[in-house]
Amino acid sequence: MVNSHIHPDHTGGNAFFAGQGAVIFAQENLRDEMLHPPGRGNGGRAPVPAAVPTATYRYSSPGVPAVTIHMDGETVDFIPMMPSHTAGDTIVRFRNANAIYIEDFYRNFGYPFADQANGGSIKGMIQAVDLIEKLGGPDTTLVPGHGTLVRKKDLLGYRAMLVDILAKVGKLRGQGKSLDEVLAANLTAPYDATTEGDTKQSKDRFITEVYEEVKDFPPVVNGERKMPGRR
Ligand SMILES: [Zn+2]
């Protein structure tokens, strides 16, 4: 068994399946998050020992499988991801079935969710979409952790929204606007009609994440971005 990321709706069965004899694979970061909860993800509770992944690997570079399983005529790749939905994400590719489980860096139910307490990153989610663009063919079935089956062309609107909202929130924060002011600007309004599950909680969470992420964006001075020495 492989954990795609730490959230309890994706790891809650670990102890049960370990009890059935399953070996649980995951990124080493996920194991660390589970053993040393940053306060979110698993509710800050110490895990049941049997629920902790025992076979771990690390992210090295985009798209490189860490583990390949040969089973019943299928070849399955566990591909660790850059920090995106969390810092411990793994996607799962089924080569013969031409399908990739893309977990939660993409979703078509609710607004994007980068779990920053567990190392997630909105910019990393854009990189994750770009990786799928390279890994998948036009007919590859993509299986999100939440929502419906999609093809890679369906990810383009999502990517454009991430880029658009990053730029708009960055601009407002650069002008000194507070989080409440940015939330009140209702920047997701153009996307509400096409986003299933567009609850206020979901959109506010998204905008709050982006606001947090753009805090280090270089400020605009006299119409030009001033690049800091270190990002
Ligand atoms: Zn999740």
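Our subject is the structure that appears above.
Predicted model only: the values in this text are computed from it and were never measured.

Draft legend 1. Quick peek at the coordination of the zinc ion. Taken together, the protein donors to the zinc ion comprise His5 (NE2), His7 (ND1), His85 (NE2) and Asp104 (OD), at separations of 2.2 to 2.3 Å. Viewed at the metal, the four donor atoms of the zinc ion are separated by angles of 85 to 176°, and the geometry they form is irregular. Counting the intervening residues between successive donors of the zinc ion yields the motif H-x1-H-x77-H-x18-D. You can see His7 sitting in the segment before helix H1 (8-11) and its partner His85 sitting in the loop between strand S4 (74-80) and strand S5 (90-94), a full 78 residues away along the chain.

Draft legend 2. Molecular detail of unusual backbone geometry. Positive phi values are uncommon outside glycine, yet Glu103 reaches one of about 40°. The residue Glu103 is located in strand S6 (residues 99-103) in this model. Residue Asn186 is not a glycine yet carries a positive backbone phi of 50°. Position of Asn186 among the secondary structure elements: in the loop between helix H6 (179-184) and helix H7 (189-192). By relative accessible area, Asn186 is classed as partly exposed at 38%.

Draft legend 3. How the structure looks around the packing of aromatic side chains. In total, this model carries four aromatic pairs according to the counting rule given. A ring pair is formed by Phe16 and Phe17, whose centres lie 5.1 Å apart and whose planes are at 80°; its orientation type is edge-to-face. When its relative accessible area of 53% is taken as the criterion, Phe16 is described as exposed. Its relative accessible area of 39% is what places Phe17 among the partly exposed residues. Considering the side-chain rings of Phe25 and Phe78, the 5.5 Å spacing of their centres and the 65° angle between planes classify their relative orientation as edge-to-face. Remark: Phe78 occurs in strand S4 and Phe25 occurs in strand S1 (residues 25-27); sequence separation between them is 53 residues. Here the guanidinium or amino end of Arg173 rests over the ring plane of Tyr211, the centre of that ring lying 4.0 Å away. The cationic tip of Arg205 hangs over the ring face of Phe113; the distance from NZ or CZ to the ring centre is 3.7 Å.

What counts, and where the lines are drawn
- Residues numbered from 1 in each chain as written.
- Predicted model: local features only at pLDDT ≥ 70, side-chain atom pairs only at ≥ 80, totals over all residues.
- Heavy atoms only, no water.
- Donors = N, O, S within 2.8 Å, 3.2 Å for Na, K, Ca; no water.
- Tetrahedral: all angles 85-135°; square planar, octahedral: opposite > 155°, others 65-115°.
- Helix = DSSP H or I, 4+ residues; strand = E, 2+ residues; numbered from the N terminus.
- Buried < 20%, exposed > 50% of the residue type's maximum accessible area, 1.4 Å probe, protein only.
- Phe/Tyr/Trp six-rings, centres within 6.5 Å; stacked < 30°, edge-to-face > 60°.
- Lys NZ or Arg CZ within 6 Å of the ring centre and 35° of its normal.

None of this, on its own, says anything about what the molecule does.
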